[in-house]
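Single-letter residue listing:
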Amino acid sequence: MTQDSSRLTPEAGRQKPPRRLIFVLPVAIFAILAVYFAVGLTKDPSKLESVLINMPVADFQLLAIKGRANPDRTWGLESADFNGTVSLLNVFGSWCIACQVEHPFLMHVKKISDVPVHGIDWREEDPDAGPNWLKRYGDPYTLIGDDPNSKGAISFGVTGAPETFVVDKQGVIRYKHIGPLDQTVWDDVIYPLVVELRKQ
Amino acid sequence: MNIRRLVIHTLVACLLASTPVFAVEPGEMLDDPVLEGRARDISAGLRCLVCQNQSIDDSNAQLAIDLRVLVRERLVMGDSNDQVVDYVVSRYGDFVLLSPPVKASTYVLWFGPVLIVMFGIFVVATVFRRRNISPIAAGDSSSDPTSGPRALSEEEKKRLADLLDDSDRNRKTGEIT
């Protein structure tokens, strides 16, 4: 008796291929989304890819900070300063805790390397704050521009401090590091890049 | 009663008198209301890069303030709205735009949802069309699929009666065959 029951649904076999798709498709879509989100949601959204890589340093002029004025120069730091030699640009501020963490390493770089490190003293509310900070912790910078209203920072697309840029001899931005520089970043990325760019 | 009325009136008056709070400070505003209006429009579409989910028009972050001032300076210098936006994008990339531009890399973002909805409608339509054809009617090409299942033949009626009979008897005796 039971073996005859299949007779009641003679078309059951016909529906097999689309049925299978209905089960497989959601699983496939879920798998794709899971991978997409696993990658996308674990990225740090504050670490933005800069659009300025391989672009020339934008035209800007910043006055010198207090105590660093040079009678031979109109500006403390300007775009023309990046022509002719491979250099680093570090954006800092006395209000920035991570900059304080980074600072001893910049002093170390000054000792171990002859790469000029220029600074943008970003958004000091008190014009004495930056100079006092450098007096207290040491001054690793070759040239410093005072940037009270973010003109310099915006021309480098800066979103936070500290940020460090590597600029080649032609004044083209070649690399951007977000966050404090340390020995690892220096050894792995910055120094090899500087050596490479100096050969060009 | 009177006190209640007074309270309600005061509350309504407060609600009517209040205006939305903006981050833009009076000192930043331009004297020309047309330019200021354009500056507000542009700022509302630019992302604050510190807070990221606010526009620079809404944000009190220092960088947002400086970007707002920059937008106004460029407008005063005679830039068009597009030129101002292009300048900020040239520094910070498309990420700074709260509404992503339509271009090859964002086609999936803009048109993906439409495609997925269309695909869904297609799948649902296909499934329903298949279901409309009932299994029994589909086997009998002579009958109209919309008229429902055909009547049982004499032989089938007899089998059905036997089956019902069987199960009745089983229930009575409690025996399973």
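Residues numbered from 1 in each chain as written. Chains lettered and ligands numbered in written order. Predicted model: local features only at pLDDT ≥ 70, side-chain atom pairs only at ≥ 80, totals over all residues.

### So, the overall build of chain B
Regarding its fold elements, chain B presents seven helices and zero strands. In chain B, the order of α-helices and β-strands from amino to carboxyl end is α-α-α-α-α-α-α. Expressed as a percentage of its 177 residues, the buried residues of chain B come to 14%. In chain B, of all internal contacts separated by at least 6 residues, the share reaching a separation of at least 24 is 39%. (Helix = DSSP H or I, 4+ residues; strand = E, 2+ residues; numbered from the N terminus. Buried ≥ 20, exposed ≤ 12 C-beta atoms within 10 Å, placed from the backbone. Contact = placed C-beta atoms within 7 Å.)

### Some points on the overall build of chain A
For chain A, the count of helices and strands is five helices and seven strands. Taken from the N to the C terminus, the helices and strands of chain A come in the order α-β-β-β-α-β-α-β-α-β-β-α. Rg of the C-alpha trace for chain A: 28 Å, well past the compact-globule value of 16 Å for 200 residues, more than 25% over. Projected onto the principal axes, the alpha-carbon positions of chain A cover approximately 110 × 40 × 30 Å. (Rg over C-alpha atoms; globule rule 2.2 N^0.38 Å.)

### Comments concerning helix H4 (residues 81–92) of chain B
A rise of 1.5 Å per residue sets the reference length of H4 of chain B, with its twelve residues, at 16 Å; its end C-alpha atoms lie 17 Å apart and thus fit the reference within 8%. Packed against the buried residues of H4 of chain B are helix H4 (151–155) of chain A together with helix H2 (33–44) and helix H3 (62–76) of chain B. Positioned one or two residues after H4 of chain B, Gly93 of chain B has a phi angle of 85°, which is positive. (Expected span 1.5 Å × (residues − 1).)

### Overview of the sheet that holds strand E6 (residues 163–167) of chain A
Residue and element names in this part refer to chain A. Across the sheet, which stays open at both edges, the five strands sit in the order E5-E4-E3-E6-E7 with mixed pairing between neighbours. Since the sheet does not close on itself, it has two edges, and those belong to strand E5 (144–147) and strand E7 (173–178), each with one partner. In this sheet, neighbouring strand axes are inclined to one another by 20° on average, regardless of whether the strands run parallel or antiparallel. In this sheet, E6 lies alongside strand E3 (residues 87–92) in antiparallel orientation, the contact comprising five bridges. Considered in E6, the bridge of Leu89 is made with Phe165. (Pairing = 2+ DSSP bridges. Axes fitted to C-alpha atoms, helices over the stretch in contact; angles between N-to-C directions.)

### Examining the domain arrangement of chain A
We note that the domain assignment places domain 1 (2–40) and domain 2 (61–199) within chain A. Taking only C-alpha atoms, the centre of domain 1 of chain A and the centre of domain 2 of chain A are 60 Å apart. (Domains from an automatic or database assignment.)

### A short note on H3 of chain B
Taking 1.5 Å of rise per residue, the 15 residues of H3 of chain B would be expected to cover 21 Å, and the 21 Å separating its terminal C-alpha atoms lies within 8% of that figure. What H3 of chain B keeps buried is the set Leu63, Ala64, Ile65, Asp66, Leu67, Arg68, Val71, Arg72 and Leu75 of chain B. Looking at the buried residues of H3 of chain B, the elements they touch are H4 of chain A together with H2 and H4 of chain B. Remark: Gly78 of chain B follows H3 of chain B within two positions and exhibits a positive phi of approximately 105°.

### Things to note about the confidence of the model for chain B
For residues with low pLDDT, the predicted coordinates do not support detailed interpretation. On average, residues of chain B score 83 in pLDDT, and 83% of them reach the 70 mark or higher. Per the prediction output, this complex has pTM 0.72; the corresponding ipTM is 0.78. (pLDDT = per-residue confidence, 0-100.)

### Regarding the interface of chain B and chain A
At the junction of the two partners, chain B supplies 16 residues and chain A supplies 14 residues. At the level of secondary structure, the elements contributing two or more residues to the side of chain B that touches chain A comprise H3, H4 and helix H6 (135–139) of chain B. In terms of residue class, the side of chain B that touches chain A is built from ten nonpolar, four polar and two charged. (Nonpolar A, V, L, I, M, F, W, Y, C, P; charged D, E, K, R; others polar.)

### Some details on the pairing of E5 of chain A
All names here are of chain A. Neither face of E5 is open: one carries Ile144 and Asp146, the other Gly145 and Asp147, and all of them are buried. Judged from the four bridges that link them, strand E4 (residues 117–122) and E5 form a sheet pairing that is parallel. The partner of Ile120 across the bridge, within E5, is Gly145. Regarding the hand of the β-α-β motif, the stretch spanning E4, helix H3 (residues 129–137) and E5 is right-handed. (Right-handed = clockwise from strand over helix to strand, strands pointing away.)

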